[in-house]
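# Structural overview
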Amino acid sequence: PPPPPLNSAPRSSVVVRSPSPMAVDRSVSVEMKKPRNYHRCASCPVSSPGDHDSTQSVTAHNPFEAQRNIQSNVSMRFIGANGLPIVPSIDGEVQRLDDTSSSSPSIKTSASVASASPRTVAGGDDDGGSGGGDNKQEQQDAPKSSSSDDRNSDRTSRDYYFDSYSHHGIHEEMLKDEVRTRTYQMAVLNNAHLFEGKTVLDVGCGTGVLSMFCAQAGAAHVYGIDCSSIIDQAEQIVSRNGFADKISLIKGKVEEVELPVDKVDIIISEWMGYFLLYESMLDTVLFARDKWLAPGGLMFPDKAVMYLCAIEDAQVKHDRIDFWDNVYGFDMTPLKEIALTEPVVDVVDANHVLSDSQPILNVDILTCTKEDLAFTSPFRLRAQRNDYVHAFCAYFECAFTQVHKPIGFSTAPFAKYTHWKQTIFYTRQTLTICEGEEITGTISCSPNPKNNRDLDIAMDVAFDGQHSKINTKLEYRLR
């Protein structure tokens with residue numbers, strides 16, 4: 001079905017393509033067809049006779065199976081309590097990689113896609129609003145009136161720009177992301193023994209859904225903090241659902257508010273942004289951890305890994321980037337240069353992934369520091385077939401490993417749709433790559449010095465292939 005109409009929620013300047021659902025089931029070994037229009041070349045290694053423009057079947061590389069394939073290095077690096085790696089499935093359950101009694105998880109792509117409404121300004125946790133952070137300073141300038149009803153009825157688009165998470169549409173999109181929301185629900189309710197009688201802090205509580213999961217699981221009390229005015233509606237939601245005596249909501253920045261308690265037993269937060277780190281929400285979670293988490297306390301989630309792979313994306317690159325070469329007969333290439341420096345957030349078809357995936361960032365939320373989030377990481381991507389490289393693609397996976405049965409979810413192209421989609425970095429030069437050839441380089445990421453909510457991302461890329469050679473630096477800004 002077509003995506004629902006876009007709501008009036010404000011949009012960041014992150015480039016977001018219209019979502020296009022992938023309606024086929026994909027198992028761990030994905031049977032797919034090679035794209036057409038391959039160059040004819042007898043010298044390139046191919047797995048079977050014929051030209052590159054044939055539609056011969058090939059097997060796509062799936063990150064979830066990588067632990068069993070030493071050639072690739074893309075396995076989910078989360079370790080459960082028994083010391084065994086874990087992998088997520090479509091519904092959030094996990095399968096240990098030593099479990100040979102059952103087949104690998106069947107991963108299905110989404111048949112319906114929520115509207116594309118980026119997370120902006122307020123930086124989002126569970127369903128949105130920031131718990132604080134310097135990058136949310138704009139919110140303090142938003143007009144205020146005497147009551148929540150007056151504020152909502154008098155709001156304009158300018159108000160939503162400054163306080164974007166006050167708009168219900170952003171929360172609707174994230175709540176309808178079942179991979180995201182149900183994974184949190186299962187992580188909490190399936191581990192009620194960890195929450196029973198405990199004090200919980202929900203950083204960036206948004207509509208309060210995570211706080212209510214925790215109360216359902218038996219938490220003695222839950223404190224939710226959010227900087228957005230959505231917290232006014234969250235208080236009503238909490239009361240209507242009978243949790244007013246167990247959940248206390250506090251409006252303000254995490255860095256500025258005080259809790260009625262000195263320590264909490266569990267901190268829960270949905271802090272992930274595009275490219276995992278966009279909006280710097282994790283900084284706020286780490287501040288809360290260092291200030292309030294009791295020794296031996298739990299973080300939900302506690303692990304995250306980001307990956308990079310190479311993709312073929314000729315049609316979309318032509319539509320979005322090469323478009324500026326000739327616009328109704330006019331040369332608008334100055335805008336092409338800008339487009340090349342802005343990552344695109346969109347759904348990547350699993351068929352377009354042509355290399356293995358490399359982990360570029362491994363975050364342990366229990367121990368990492370703010371400084372760890374500015375990183376430089378090497379990568380080596382091996383082509384799985386003869387193809388053309390038009391872009392690099394980043395995605396991430398999160399896990400709850402401090403629970404009885406570890407659970408996690410993935411935003412990979414092979415997994416079910418999430419509102420995070422994937423982040424695409426288009427290259428200026430198209431690479432002709434043969435199966436087995438490798439692209440090497442480093443990727444670095446740091447907050448922009450003028451606005452730490454934005455990310456400055458750079459890649460040093462080297463490739464010495466049979467038909468293409470490159471040694472260059474690519475620079476991007478996610479904003």
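## What to know about the overall build of the chain
The number of helices and strands found in the chain is 10 helices and 22 strands. Counting across all 479 residues of the chain, residues that qualify as buried make up 59%. Within the chain, contacts between residues separated by at least 24 positions form 77% of all contacts whose residues are at least 6 apart in sequence. As displayed, the chain offers around 19,200 Å² of accessible surface, 50% of which is attributable to carbon and sulfur atoms.

## Quick notes on the packing of aromatic side chains
A complete count under the given rule lists 11 aromatic pairs for this structure. Measuring from ring centre to ring centre gives 4.9 Å for Phe323 and Trp324, while their planes differ by 75°; the resulting arrangement is edge-to-face. Since its relative accessible area comes to 38%, Phe323 is described here as partly exposed. According to the relative accessible area criterion, Trp324 is partly exposed, its value standing at 22%. One aromatic cluster is present, built from ring pairs that chain together Tyr184, Phe195, Phe300 and Phe400.

## Quick word on the pattern of salt bridges
A full pass over the atoms with the stated rule returns 17 salt bridges. The salt bridge partner of Lys176 is Glu172, with a shortest N-O separation of 2.6 Å. Judged by its relative accessible area of 54%, Lys176 falls in the exposed class. Among the salt bridges present, the one from Arg479 reaches Glu342, with a minimum N-O distance of 3.0 Å.

## Section: the environment of Arg385
By the secondary structure assignment, Arg385 is in the loop between strand E16 (375-382) and strand E17 (387-400). In sequence terms Arg385 and Leu354 are 31 residues apart; their C-alpha atoms lie 6.4 Å from each other. Within polar-contact distance, the side chain of Arg385 engages the side chain of Asp387 at 2.7 Å.

## Some remarks on the sheet that holds strand E11 (residues 264-268)
Judged by pairing direction, the sheet is parallel, and its 5 strands sit side by side in the order E10-E9-E8-E11-E12 without closing on themselves. Looking at the sheet topology across the chains shown, the edges are occupied by strand E10 (247-251) and strand E12 (293-300). Sheet twist, expressed as the average angle between the axes of neighbouring strands with direction ignored, equals 20°. Of the pairings in the sheet, the one linking strand E8 (residues 199-203) to strand E9 (residues 221-226) comprises 5 bridges and is parallel in character. Across the sheet, the residue bridging to Asp202 is Gly224, located in E9. The strands touched by helix H7 (residues 230-240) are E9 and E10; relative to E10, the strand with the most contacts, the crossing angle is about 170°.

## Examining the side chain of His419
With respect to the helices and strands, His419 occurs in the loop between strand E18 (407-410) and strand E19 (422-433). On the basis of relative accessibility, which here comes to 1%, the residue His419 falls in the buried class. Polar side-chain contacts of His419 include one of 2.7 Å to the side chain of Asp177.

## Quick look at the sheet that holds strand E20 (residues 438-447)
Overall, antiparallel pairing links the 4 strands, which are arranged E16-E20-E21-E22 in an open sheet. Two strands lie at the open edges of the sheet, namely E16 and strand E22 (469-478), each paired on one side alone. Taken pair by pair, the neighbouring strands of this sheet meet at an average axis angle of 15°, ignoring direction. In this structure, E16 lies alongside E20, joined through 8 bridges in antiparallel fashion. When the bridges of E20 are listed, Pro378 appears paired with Thr442.

## Comments concerning the nonpolar core
Of all hydrophobic cores here, the largest spans 94 residues; its most connected members are Leu201, Phe275, Phe300, Phe392 and Ile439. Apart from the residues within four sequence positions on either side, Phe275 is in contact with Met306, Ala394, Thr423, Phe425, Ile443, Cys445, Leu455, Ile457 and Leu478. In terms of nonpolar packing, the next biggest core, distinct from the first, is built from 19 residues, Cys309, Leu340, Ala350 and Tyr426 among them.

## Structural notes on the packing of helix H4 (residues 178-189) against helix H6 (residues 209-216)
A pair of packed helices can be characterised by two numbers: the angle between their axes and the separation between those axes. At a minimum axis distance of 9 Å, the contact between H4 and H6 shows a crossing angle of 25°. Our classification of the angle between H4 and H6 gives roughly parallel. Of the two elements, H4 crosses H6, and the hand of that crossing is right-handed. Between H4 and H6, the contacting residues are Thr181, Tyr184, Gln185, Val188 and Leu189 on the first element and Leu210, Phe213, Cys214 and Gln216 on the second.

## Quick look at the confidence of the model for the chain
Fine structural detail should not be taken from predicted coordinates in areas where pLDDT scores are low. Confidence along the chain averages 76 in pLDDT terms, with 65% of residues attaining 70 or more. Segment residues 3-149 is flagged for pLDDT under 50; beyond a separation of four residues in sequence, or across chains, it makes 431 contacts in the model. Counting contacts from residues 155-162, a segment whose pLDDT is below 50, to residues more than four positions away or on other chains yields 17 contacts.

## Structural notes on H6
Taking burial as the measure, the 8 residues of H6 include 7 buried ones, the bulk of the element. The set of residues buried in H6 consists of Val209, Leu210, Ser211, Met212, Phe213, Cys214 and Ala215. Backbone geometry just after H6 places Gly218 at a positive phi near 105°.

Thresholds applied
Within each chain, residues carry numbers counting from 1 in the order of the written sequence. For this predicted model, a pLDDT threshold of at least 70 governs which residues receive local features, and a threshold of 80 or more governs which side-chain atom pairs are given and counted, while totals over whole chains, interfaces and linings are taken from all residues. To get the side-chain values, all heavy atoms of the structure are used, and hydrogens and water are removed first. In DSSP terms, a helix is any run of H or I states spanning at least four residues, a strand is any run of E spanning at least two, and both are numbered starting from the N terminus. With a 1.4 Å probe rolled over the protein chains alone, any residue whose accessible area is under 20% of its type maximum counts as buried; one over 50% counts as exposed, and the rest are partly exposed. Note on definitions: a residue-residue contact is assigned when non-hydrogen atoms from the two residues lie within 4.5 Å. Surface accessibility in these figures is a Shrake-Rupley result with a 1.4 Å probe; residues are shielded only by whichever protein chains are displayed. Within 6.5 Å between ring centres, the rings of Phe, Tyr and Trp (the latter by its six-membered ring) count as paired, and their orientation is classed by plane angle as stacked under 30 degrees, edge-to-face over 60, tilted in between. When a carboxyl oxygen of Asp or Glu is within 4 Å of a side-chain nitrogen of Lys or Arg, the pair counts as a salt bridge. What qualifies as a polar contact is a pair of N or O atoms within 3.5 Å, subject to a donor-acceptor requirement within protein and to the restriction that residues adjacent in sequence count only when both atoms come from side chains. What makes two strands pair is DSSP finding at least two bridges between them. Lines fitted to C-alpha atoms define the axes here, with helix axes fitted over just the stretch in contact, and angles between the N-to-C directions of these axes take values from 0 to 180 degrees. To form a nonpolar core, buried Ala, Val, Leu, Ile, Met, Phe, Trp, Tyr and Cys residues must be joined to one another through side-chain atoms within 4.5 Å. Roughly parallel here means an angle under 35 degrees, roughly antiparallel means over 145, roughly perpendicular means 65 to 115, and every remaining angle is called oblique. The crossing is said to be left-handed when, going from far helix to near helix, the turn is anticlockwise and less than a right angle, and right-handed when the turn is clockwise. Note on scores: pLDDT gives the predictor's confidence for each residue, bounded by 0 and 100.

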